[in-house]
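# Report on the structure
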Amino acid sequence: MPDYDYDLITLGAGSGGVAASRRASALGAKVAIIEGSRVGGTCVIRGCVPKKLMMYAAQLGDALHEARGYGWAVEAAAFDMAPWAAQKAAETRRLEGVYRQLLNGAGVQVIDGWARIDGPNTVVVGEQRLTARHLLIATGARPVRDSIEGIGDCPTSDDVLDLQAVPAEVGVIGGGYIGVEFASILARLGARVHLFYRDRQPLRGFDDDLRTRVAQALEAAGVVLHPGQSPQRVARQAEGYELHMPSGMTHRFPFVLNATGRRPNTQGLGLDTLGLQTDRVGAVPVNERFETPVPGVHAIGDVTNKRNLTPVAIAEGRAWADAHFGSEPGAVALPDFSLIATAVFTLPPVGTIGPSEADALAAGHTLKVFESDFRPMKQTFIGGAERSYMKLLVDADTDRVLAVHMIGADAPEIVQSLAVALTCGATKAQFDRTVAVHPTSAEEFVLMRQPARVVKPGA
Ligand SMILES: Cc1cc2nc3c(=O)[nH]c(=O)nc-3n(C[C@H](O)[C@H](O)[C@H](O)COP(=O)(O)OP(=O)(O)OC[C@H]3O[C@@H](n4cnc5c(N)ncnc54)[C@H](O)[C@@H]3O)c2cc1C
Ligand SMILES: NC(=O)c1ccc[n+]([C@@H]2O[C@H](COP(=O)([O-])OP(=O)(O)OC[C@H]3O[C@@H](n4cnc5c(N)ncnc54)[C@H](O)[C@@H]3O)[C@@H](O)[C@H]2O)c1
């Protein structure tokens, strides 16, 4: 057996890399983790966490408004981004420190620097040349910068999260998670937002009833929607950007957010020195056990471009470490990825688990569709317009609840809990037997008695 410096070298200290390294070390492996930027990765430093902190700032603007309806005398209020930015920087520094401590406490050696693979079992960081029995690639993804001619000059979500002031006008290109979340947030913080997306509705792949309502909620927040429209060229100007539309029309904005997707971080990683080929977008190919075709080389998280979500990267990291350093190496306890709940942090937010109605029908299910669309109590009291929408897709033959979709206050929290029921294979009869908690919005999910419609595949 060759003598390696480590049992495991993890490349990238983001959600997946940190989880895998801590678990491997706890199981007795000698582990080093290499991070070129900041420990914590995308989620903690420039993703989920600061994004949600910005969403809270936006939500408080709504709350100030609502407070008046509940009897509070609220003076005219204005948002100042600079104090938020300072507090956000302090919080991500704190979290980075916590992550470093967790790694140190677990006995994982943290090495700062950009890693490059240099042949089998070997990684180079600066002047250091390190070897390990296993290499785990967990280098995540970065914003795409070549989706449209000239878009490489535009700010990305990384830049939005580092703003010191809210731009007066923002053009957002892309109707995915990042496009709709930041359109919703920035509109509430005072920007005039225009959202450009290629499809009829934003959030391709989500249930159509959610997509329609997300678009309506964005419009209600003052976002100007440009469905079916995407610039063919972006031109940098002295004071901002000009979007050139295929129609010949142009739009000018002082700030344009490139939200056209993310791509795996594999460029310059030295995968060629292993003979390891990536796919068209640069993703590392792995099987269901996170193994690449090269023995001893594994990959997890966004760099594999499967379900690019933090809990998935973490679950993959832990499963991989258990499989290689656990008491029964080789016996992989694979997480259940057939049902993954996800949230979109617009206001109101989306929570969803299971297939869209269209996908469930395409998979051959005859569906009982249960729906509820209402103004929640908090809104009716103040004459607010915000609604909540809930939908259950039930397999008409087996009674199994296939999907839960919701847009409305607390949707991510509600759907997270219902995800347990769906993972257990809950039936509609079991939902019906569940006693409601009153008064809540969530109780609607156990009070839906009559299907709104029954739909057959191909109908
Ligand atoms: C704006 C935004 C909001 C998001 N919000 C959510 C959300 O609400 N919920 C959710 O579930 N997901 C969200 N995501 C997605 C989530 O952040 C990612 O799925 C998750 O971080 C992936 O984890 P990872 O470990 O694969 O990669 P990352 O967290 O990206 O970590 C990879 C790390 O590797 C480092 N690295 C790269 N190359 C090298 C190298 N050569 N040498 C050393 N280090 C290297 C990087 O610096 C980085 O720290 C969001 C993403 C973005 C951009
Ligand atoms: N709440 C969350 O969990 C959350 C939040 C943000 C990001 N994420 C993760 O990060 C990933 C990346 O987010 P994202 O929003 O950048 O990607 P995305 O894939 O969700 O959306 C990209 C959007 O850009 C559009 N697009 C791509 N090329 C284009 C072009 N040439 N012209 C016009 N439009 C174009 C796509 O049609 C799509 O609407 C997500 O897929 C998700 O996995 C998750």
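Residues numbered from 1 in each chain as written. Chains lettered and ligands numbered in written order. Predicted model: local features only at pLDDT ≥ 70, side-chain atom pairs only at ≥ 80, totals over all residues.

### Examining the overall build of the chain
Of regular secondary structure, the chain possesses 12 helices and 22 strands. Scaling as 2.2 N^0.38, a compact globule of 459 residues should have a C-alpha radius of gyration of about 23 Å, and the chain matches this with 24 Å. In terms of principal-axis extent, the alpha carbons of the chain reach across some 70 × 60 × 45 Å. For the chain, the proportion of its 459 residues judged to be buried stands at 42%. Contacts in the chain between residues far apart in sequence, at least 24 positions, make up 67% of those at least 6 positions apart. (Helix = DSSP H or I, 4+ residues; strand = E, 2+ residues; numbered from the N terminus. Rg over C-alpha atoms; globule rule 2.2 N^0.38 Å. Buried ≥ 20, exposed ≤ 12 C-beta atoms within 10 Å, placed from the backbone. Contact = placed C-beta atoms within 7 Å.)

### Overview of the confidence of the model for the chain
Confidence in the prediction for the chain averages 97 pLDDT; 99% of positions are at 70 or higher. Model confidence for the complex: the whole-complex pTM is 0.98, and ipTM, which rates the interface, is 0.99. (pLDDT = per-residue confidence, 0-100.)

### Overview of the site of ligand 1
Lining the immediate surroundings of ligand 1 are 35 residues, of which Gly-12, Gly-14, Gly-41, Gly-140 and Gly-301 lie closest. Among the secondary structure elements, those contributing two or more residues to the shell around ligand 1 are α1 (15-26), β2 (31-35), α2 (41-46), α3 (48-69) and α8 (310-325). A per-class count over the shell around ligand 1 returns 15 nonpolar, 17 polar and 3 charged. (Near = placed C-beta within 6 Å. Nonpolar A, V, L, I, M, F, W, Y, C, P; charged D, E, K, R; others polar.)

### Observations regarding the sheet that holds strand β13 (residues 250-253)
Strands sit in the order β11-β12-β13 across an open sheet of 3 strands; the sheet is antiparallel. Each of the sheet's edge strands pairs with one partner strand only, and the pair in question is β11 (233-237) and β13. Pairwise comparison of adjacent strand axes, ignoring direction, gives a mean angle of 20° for this sheet. As paired strands, β11 and strand β12 (residues 240-244) are joined by 5 bridges and run antiparallel to one another. Within the sheet, the bridge partner assigned to Val-234 lies in β12 and is Leu-243. (Pairing = 2+ DSSP bridges. Axes fitted to C-alpha atoms, helices over the stretch in contact; angles between N-to-C directions.)

### Here's the deal with α8
Taking 1.5 Å of rise per residue, the 16 residues of α8 would be expected to cover 22 Å, and the 22 Å separating its terminal C-alpha atoms lies within 8% of that figure. Of all 16 residues in α8, 13 are buried; the element is thus mostly enclosed. (Expected span 1.5 Å × (residues − 1).)

### Quick word on the site of ligand 2
In the vicinity of ligand 2 there are 24 residues, among which Gly-174, Gly-176, Tyr-177, Ile-178 and Asn-308 approach most closely. Here the element with the most residues in the shell around ligand 2 is helix α6 (residues 177-188); it accounts for 4 residues. A class-by-class count of the residues in the shell around ligand 2 yields 10 nonpolar, 10 polar and 4 charged.

### As for the domain arrangement of the chain
Each domain of the chain was delimited in the assignment, giving domain 1 (6-142 + 263-325), domain 2 (151-260) and domain 3 (348-455). For domain 1 versus domain 3, the distance between C-alpha centres works out to 32 Å. (Domains from an automatic or database assignment.)

### Concerning the packing of α1 against helix α4 (residues 81-105)
In contact at an axis separation of 9 Å, α1 and α4 are set at 25° when each is read in the N-to-C sense. One element, α1, and the other, α4, form an angle in the roughly parallel class. Judged by the twist between their axes, the crossing of α1 over α4 is left-handed. Here α1 contributes Val-18, Ser-21 and Arg-22 to the contact with α4, which in turn contributes Tyr-99, Leu-102 and Leu-103. Classifying every residue of the contact of α1 with α4 by side-chain character gives 4 nonpolar, 1 polar and 1 charged. (Parallel < 35°, antiparallel > 145°, perpendicular 65-115°, else oblique. Left-handed = near helix turned anticlockwise from the far one by under 90°.)

### Comments concerning the UniProt feature "domain: FAD/NAD(P)-binding" (unreviewed entry) in the chain
The UniProt record annotates "domain: FAD/NAD(P)-binding" (unreviewed entry) at residues 6-317. Annotated as residues 6-317, this span is 33% helix and 24% strand, and its ends, taken at the C-alpha atoms, are 18 Å apart. (UniProt positions renumbered as here; feature names shortened; annotations may be inferred.)

### Here we look at the sheet that holds strand β9 (residues 192-197)
A sheet is described by the order of its strands in space; here 4 strands give the open sequence β10-β9-β8-β14, paired in parallel fashion. With one partner strand each, in any of the chains shown, β10 (224-227) and β14 (255-258) form the two edges of the open sheet. With direction set aside, neighbouring strand axes in the sheet form an average angle of 15°. As defined by bridge partners, β9 adjoins β10 across 4 bridges and the pair is classed as parallel.

### Examining the pairing of strand β5 (residues 122-125)
With 3 bridges connecting them, strand β4 (residues 115-117) and β5 associate as antiparallel partners. Considered in β5, the bridge of Arg-116 is made with Val-124. If you look at the hairpin formed by β4 and β5, you'll find 4 residues sitting between the two strands, and Gly-119 has a positive phi there, around 90°. Here β5 pairs with strand β6 (residues 128-137) via 4 bridges, running antiparallel. Bridge pairing in β6 places Val-125 opposite Gln-128.

### With respect to the pairing of strand β18 (residues 350-353)
The side chains of a regular strand alternate, first on one face of the sheet and then on the other. Alternating residues of β18 divide into Val-350 and Thr-352 and Gly-351 and Ile-353, and every residue in both groups is buried. Summarising the sheet, strand β17 (residues 342-344) and β18 pair through 3 bridges and their orientation is antiparallel. Counterpart to Val-344 in the pairing with β18 is Val-350. Linking β17 to β18, which pair antiparallel, is a turn of 5 residues.

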